[in-house]
Amino acid sequence: MGRQWGWVVFRGAVAVLFGGLAFLVPSRELDALTPIWGAYVLADGFLALLTAYQVREEDRPWWSLALVGAAGACAGLVIFWPGTSSLALSTLVASWSVAMGGFQILAALRMRQSIEGEWRLILSGALAVLFGLLLFVAPGNALAVVWLIASYAIGFGALVIAFGLRLRSVANAV
């Protein structure tokens, strides 16, 4: 997986970019975030599927990464549902986050023998699960939910970038 470090870093950069854009949403309505979130999750799902495919070719554990990608791609289709309510969006984001975080933790645990520093991927998965659980119980304040989503995306992205850079150092050492 070390040779795919660039895609992993790119996935983290997309998350950080999404988080920054979410903070800049001009409206206090969660509905304004829907197309931005949908585009982010589609991109994240595609990048996870791409990484899973490339890892599969190297006979590495790949199915948990593929599940992360498939969950992201399916959840990202929300941008095609006009009129999605704020409650439906936050429930979808929370569900996606818990599922994606769990699969990411599984992927990191399966790669333990192949890489060092997998704790970064485990931590990003745990952050995703925690974020999803918080979102399930978040107050009705749309601005608080937007800020929670944006903060999560930036933190998650930073951890994924750190993991990708660790993969780069492993690839360079080989």
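Use the structure listed above.
So, how was this worked out
- Residues numbered from 1 in each chain as written.
- Predicted model: local features only at pLDDT ≥ 70, side-chain atom pairs only at ≥ 80, totals over all residues.
- Heavy atoms only, no water.
- Helix = DSSP H or I, 4+ residues; strand = E, 2+ residues; numbered from the N terminus.
- Contact = heavy atoms within 4.5 Å.
- 1 Å grid on protein atoms, 1.4 Å probe; cavity = no way out; pocket = protein on both sides within 12 Å on 5 of 7 lines; lining within 4 Å.
- Points joined across faces, edges and corners; volume = space filled by probe spheres on them.
- Nonpolar A, V, L, I, M, F, W, Y, C, P; charged D, E, K, R; others polar.
- Patch = residues over 30% accessible without salt bridge, like charges linked within 9 Å, V, L, I, M, F, W, Y side chains within 5 Å.
- Areas by Shrake-Rupley, 256 points an atom, 1.4 Å probe, with all protein chains shown as cover.
- Salt bridge = Lys/Arg side-chain N within 4 Å of Asp/Glu carboxyl O.
- Buried < 20%, exposed > 50% of the residue type's maximum accessible area, 1.4 Å probe, protein only.
- Core = buried A, V, L, I, M, F, W, Y, C linked by side-chain atoms within 4.5 Å.
- Phe/Tyr/Trp six-rings, centres within 6.5 Å; stacked < 30°, edge-to-face > 60°.
- Lys NZ or Arg CZ within 6 Å of the ring centre and 35° of its normal.

The next point concerns the side chain of Ser-124. With respect to the helices, strands and loops of the structure, Ser-124 is situated in helix α5 (residues 119-136). For Ser-124, the contacting residues outside a window of four places in its chain are Gln-104, Phe-156, Leu-159 and Val-160.

Summed over all chains, the structure comprises two cavities of 30 Å³ or more. Space inside the second largest cavity adds up to approximately 30 Å³. Around the second largest cavity, the lining residues are Phe-18, Trp-37, Tyr-40, Val-93, Trp-96, Phe-131, Ile-149 and Tyr-152. Residue classes in the lining of the second largest cavity are distributed as eight nonpolar, no polar and no charged.

Moving on, we get to a nonpolar patch on the surface. Among the surface-exposed residues, Val-16, Leu-17, Leu-21, Phe-23, Leu-24, Trp-147 and Ile-154 lie close enough to one another that they form a single nonpolar patch of about 650 Å² accessible area. For the nonpolar patch, the elements supplying multiple residues, two or more each, are α1 (5-23) and α6 (142-173). Considering every element that reaches the nonpolar patch, the biggest residue donor is α1, with four residues. Relative accessible area serves as the criterion here: at 55%, Leu-17 is assigned to the exposed category.

Now for the nonpolar core. Nonpolar side chains in soluble globular proteins generally cluster together in the buried interior. Residues Phe-18, Trp-37, Tyr-40, Trp-96 and Ile-149 are the most contacted members of the largest nonpolar core, which totals 40 residues. Elements with a contribution of two residues or more to this core: α1, α2 (34-56), α3 (63-76), α4 (86-110), α5 and α6. Top contributing element to this core by residue count: α6, with ten residues.

The next point concerns the environment of Gly-38. With respect to the helices and strands, the residue Gly-38 is situated in helix α2. The exposure class assigned to Gly-38 is buried, which follows from its relative accessible area of 0%. Counting along the chain gives 35 residues from Gly-38 to Ala-73, while the straight-line C-alpha distance between them is 8.9 Å.

It is worth spelling out the environment of Met-111 at this point. Examined against the element boundaries, Met-111 turns out to sit in the loop between α4 and α5. Put simply, Met-111 and Trp-62 are 49 residues apart on the chain and 9.4 Å apart in space, counted from C-alpha to C-alpha.

Positionally, Asp-44 belongs in helix α2. Contacts of Asp-44, omitting those with residues within four sequence positions, involve Arg-11 and Trp-96.

What follows covers the packing of aromatic side chains. In this structure the tally under the stated criterion is five aromatic pairs. Their ring planes at 10 degrees and their centres at 4.8 Å tell us that Phe-18 and Tyr-40 sit as a pair that is stacked. With Phe-18 in helix α1 and Tyr-40 in helix α2, this pair connects stretches of sequence that are 22 residues apart. Since its relative accessible area comes to 4%, Phe-18 is described here as buried. We classify Tyr-40 as buried; its relative accessible area is 4%. Linked through ring pairs, Phe-18, Tyr-40 and Trp-96 together constitute an aromatic cluster. When the ring centre of Trp-5 is taken as origin, the NZ or CZ atom of Arg-168, which lies over that ring, is 5.3 Å away.

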